[in-house]
Amino acid sequence: MRFLGPRSISSLLKTALDVVYYGLYVLIFLVIVVAVCLLSVPNLASEVVRRLNIASDLSATSMAVMFIAFGLSLGGYLLVMHWTRRIFQTLAEGDVFHPDNTTRLRWIGFGLGALEIFGYMVRFVASGVFHLHFEPIYGLRAVTTWFSVLVVFVLAEVFKEGARLRKEVDHTI
């Protein structure tokens, strides 16, 4: 089985990423609809919470704010997914060291780092303003996340070097 080029594992992964990418669009749309519904019909939140037997003392506005924050994080994941799809598109075409992949990998690294920082900020605000309690972020999860971000930046440099070598070979007679 081939890993690169048409009809390979990379093209299969590109198709899977396409499905997730468009699924994120649908999910973001649904989150926005829920937030708008919560803002326009405040009694809806209390009725849904009551019927689902959920213990929550958040107001409809607070819930809408949380849904908006969730929608923003999904938007960040949508951007990361867009850049990842573009990389896999070049892999499916057999063009591994495409010069734009370096920039895409860097944007993925920045995006993943920004999403993690955004998550820290949302947790801080939600615990301070809405008095929600979260498990602390430390240990293996924090190390794994930031290690992954660093790995993406290292891969960007590997792709940069590969693109440089490819350009050098193209100019060799």
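Residues numbered from 1 in each chain as written. Predicted model: local features only at pLDDT ≥ 70, side-chain atom pairs only at ≥ 80, totals over all residues. Heavy atoms only, no water.

A. Expanded view of the overall build of the protein. Across its full length, the protein carries 5 helices and 0 strands. Counting from the amino terminus, the protein carries its helices and strands in the arrangement α-α-α-α-α. Taking 16 Å as the expected radius of gyration for a compact globule of 173 residues, we find that the protein reaches 21 Å, considerably beyond that expectation. C-alpha atoms of the protein, sized along the principal axes, occupy 75 × 35 × 25 Å. Counting over 173 residues, the protein shows a buried share of 34%. In the protein, once contacts between residues fewer than 6 apart in sequence are set aside, the share between residues at least 24 apart is 73%. Of the roughly 11700 Å² of accessible surface on the protein, 71% is carried by carbon and sulfur atoms. (Helix = DSSP H or I, 4+ residues; strand = E, 2+ residues; numbered from the N terminus. Rg over C-alpha atoms; globule rule 2.2 N^0.38 Å. Buried < 20%, exposed > 50% of the residue type's maximum accessible area, 1.4 Å probe, protein only. Contact = heavy atoms within 4.5 Å. Areas by Shrake-Rupley, 256 points an atom, 1.4 Å probe, with all protein chains shown as cover.)

B. Seen up close, the packing of helix 1 (residues 9-40) against helix 3 (residues 60-92). In the contact formed by helix 1 and helix 3, the axes pass within 8 Å of each other and the chain directions differ by 165 degrees. In terms of orientation, helix 1 and helix 3 fall into the roughly antiparallel class. As helix 1 runs across helix 3, the sense of the crossing is left-handed. Counted by class, the contact of helix 1 with helix 3 contains 27 nonpolar, 8 polar and 3 charged residues. (Axes fitted to C-alpha atoms, helices over the stretch in contact; angles between N-to-C directions. Parallel < 35°, antiparallel > 145°, perpendicular 65-115°, else oblique. Left-handed = near helix turned anticlockwise from the far one by under 90°. Nonpolar A, V, L, I, M, F, W, Y, C, P; charged D, E, K, R; others polar.)

C. Spatial organisation of helix 3. Taking 1.5 Å per residue, 33 residues should reach 48 Å; helix 3 reaches 46 Å between its end C-alpha atoms and fits that length. Two residues or fewer after helix 3 comes G94, characterised by a positive phi angle close to 85 degrees. (Expected span 1.5 Å × (residues − 1).)

D. Looking closely at the side chain of N101. With respect to the helices and strands, the residue N101 is situated in helix 4 (residues 99-129). Judged by its relative accessible area of 0%, N101 falls in the buried class. Dropping the residues within four chain positions of it, N101 is found in contact with R86, I87, T90, D95, V96 and F159.

E. Looking closely at the environment of Y25. Along the chain, Y25 falls in helix 1. When its relative accessible area of 42% is taken as the criterion, Y25 is described as partly exposed. A sequence separation of 91 residues divides Y25 from E116, and the C-alpha atoms of the two residues are 21 Å apart.

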